[in-house]
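Notes for the structure review
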Amino acid sequence: QQPVQSPQAVILREGEDAVINCSSSKALYSVHWYRQKHGEAPVFLMILLKGGEQKGHDKISASFNEKKQQSSLYLTASQLSYSGTYFCGTESWVWTSGTYKYIFGTGTRLKVLA
Amino acid sequence: NAGVTQTPKFRVLKTGQSMTLLCAQDMNHEYMYWYRQDPGMGLRLIHYSVGEGTTAKGEVPDGYNVSRLKKQNFLLGLESAAPSQTSVYFCASSYFLDQPQAGQTIQYFGAGTRLSVL
């Protein structure tokens, strides 16, 4: 099942903060966050592996709740360069059967205005 | 560093024509993937490969075939293109952070191929 992201879209002014949520109906092995600028490939931002984990990079940080069913991406003091579509992704891998799935979330379009 | 390179960048096909998309990576990654992205939607996994000579189906494999004859290359083929295959195709490769287990890969994407089937 595809993780559901909220909001679907958000418009900010430079310097404002935003939160993007990624929710799953079942516990996830991990959550990956990507940003995709218009007409470009997705770029990896960060990965969270453990329930309760928080991670930050510059002014972008993320958390993974204890039950590992929800992750939030925090964008602080947004910059014009933050504009794009943000995807969460999750993977499952059954080593014995060789079954692999990687499922991206529904996406959140973020636009930062000057 | 080239990273993940996709060719061609753009292609227009007529219904029923065939073509092959090439993905090449120079990072010595074991895993490679093909995704399609349709307007307003996320990426959906078509096929993937966990190593040279091995391929497996993803979420939306129908109408596509793949081959991984060399570790660095992953080819996506459309035998008889249909308008429903109009999309942007992304190739990705990944490595495991530690032991090969779920949740331990980071994917690196190519720039994409825009395909239109008329």
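The preceding data block contains the structure.
Residues numbered from 1 in each chain as written. Chains lettered and ligands numbered in written order. Predicted model: local features only at pLDDT ≥ 70, side-chain atom pairs only at ≥ 80, totals over all residues. Heavy atoms only, no water.

Our next topic: the sheet that holds strand β1 (residues 4-6) of chain A. Residue and element names in this part refer to chain A. With antiparallel pairing, 5 strands are arranged side by side in an open sheet as β1-β3-β8-β7-β6. The open sheet has two edge strands, β1 and β6 (54-57), and neither has a second partner. Strand-to-strand twist of the sheet, defined as the mean angle between neighbouring strand axes without regard to direction, takes the value 15°. (Pairing = 2+ DSSP bridges. Helix = DSSP H or I, 4+ residues; strand = E, 2+ residues; numbered from the N terminus. Axes fitted to C-alpha atoms, helices over the stretch in contact; angles between N-to-C directions.)

What follows is about the sheet that holds strand β1 (residues 4-7) of chain B. All names here are of chain B. Taken in spatial order, the 4 strands of this open sheet run β1-β3-β8-β7, and their pairing is antiparallel. Since the sheet does not close on itself, it has two edges, and those belong to β1 and β7 (65-67), each with one partner. Ignoring which end each strand starts from, the neighbouring axes of this sheet average 20° apart. Where β1 meets strand β3 (residues 19-25), 4 bridges bridge the pair, whose relative direction is antiparallel. If you follow T5 over to β3, its bridge partner there is A24.

This next bit is on the nonpolar core. Core analysis: the biggest nonpolar cluster contains 21 residues, and W33, L73, L75, Y86 and L110 of chain A have the highest contact counts within it. Discounting chain neighbours no more than four positions away, the residues touching L75 of chain A are E16, D17, A18, I20, K59, I60, Y82, Y86 and L110 of chain A. Among the nonpolar cores identified, the runner-up in size contains 18 residues, and Y64, L76, Y89 and C91 of chain B belong to it. (Core = buried A, V, L, I, M, F, W, Y, C linked by side-chain atoms within 4.5 Å. Buried < 20%, exposed > 50% of the residue type's maximum accessible area, 1.4 Å probe, protein only. Contact = heavy atoms within 4.5 Å.)

What follows concerns the state of the cysteines. Evaluation of the coordinates by the stated rule reveals 2 disulfides over all chains. The disulfide bridge from C22 of chain A ends at C88 of chain A, spanning 2.1 Å between sulfur atoms. Looking along the S-S bond of the C22 of chain A-C88 of chain A disulfide, the torsion reads about 70°, which is the right-handed sense. Of the two residues, C22 of chain A sits in strand β3 (residues 18-23) while C88 of chain A sits in strand β9 (residues 84-94), which places them 66 residues apart along the sequence. Residue classification places C22 of chain A among the buried residues on the basis of a relative accessible area of 2%. Taking relative accessible area as the criterion, C88 of chain A reaches 0% and is therefore assigned buried. Here C23 of chain B connects covalently by a disulfide to C91 of chain B, the sulfurs 1.8 Å from one another. Here the disulfide of C23 of chain B and C91 of chain B is left-handed, its torsion about the S-S bond being about -75°. On the criterion of sequence distance, the pair formed by C23 of chain B in strand β3 and C91 of chain B in strand β9 (residues 87-96) is long-range, its members being 68 residues apart. Take C91 of chain B: its relative accessible area is 0%, and that puts it in the buried class. (Disulfide = S-S within 2.5 Å.)

Here we come to the packing of aromatic side chains. This structure, assessed with the given rule, holds 10 aromatic pairs over all chains. Taken together, a centroid distance of 5.8 Å and an interplanar angle of 75° make the contact between Y34 of chain A and F44 of chain A edge-to-face. Taken together, the residues span a long stretch of sequence, with Y34 of chain A in strand β4 (residues 31-36) and F44 of chain A in strand β5 (residues 42-48) at a distance of 10 residues. Taking relative accessible area as the criterion, Y34 of chain A reaches 0% and is therefore assigned buried. Site record: aromatic cluster; members linked through ring pairs are Y34, F44, F87 and F104 of chain A together with Y33, Y35, F90 and F109 of chain B. (Phe/Tyr/Trp six-rings, centres within 6.5 Å; stacked < 30°, edge-to-face > 60°.)

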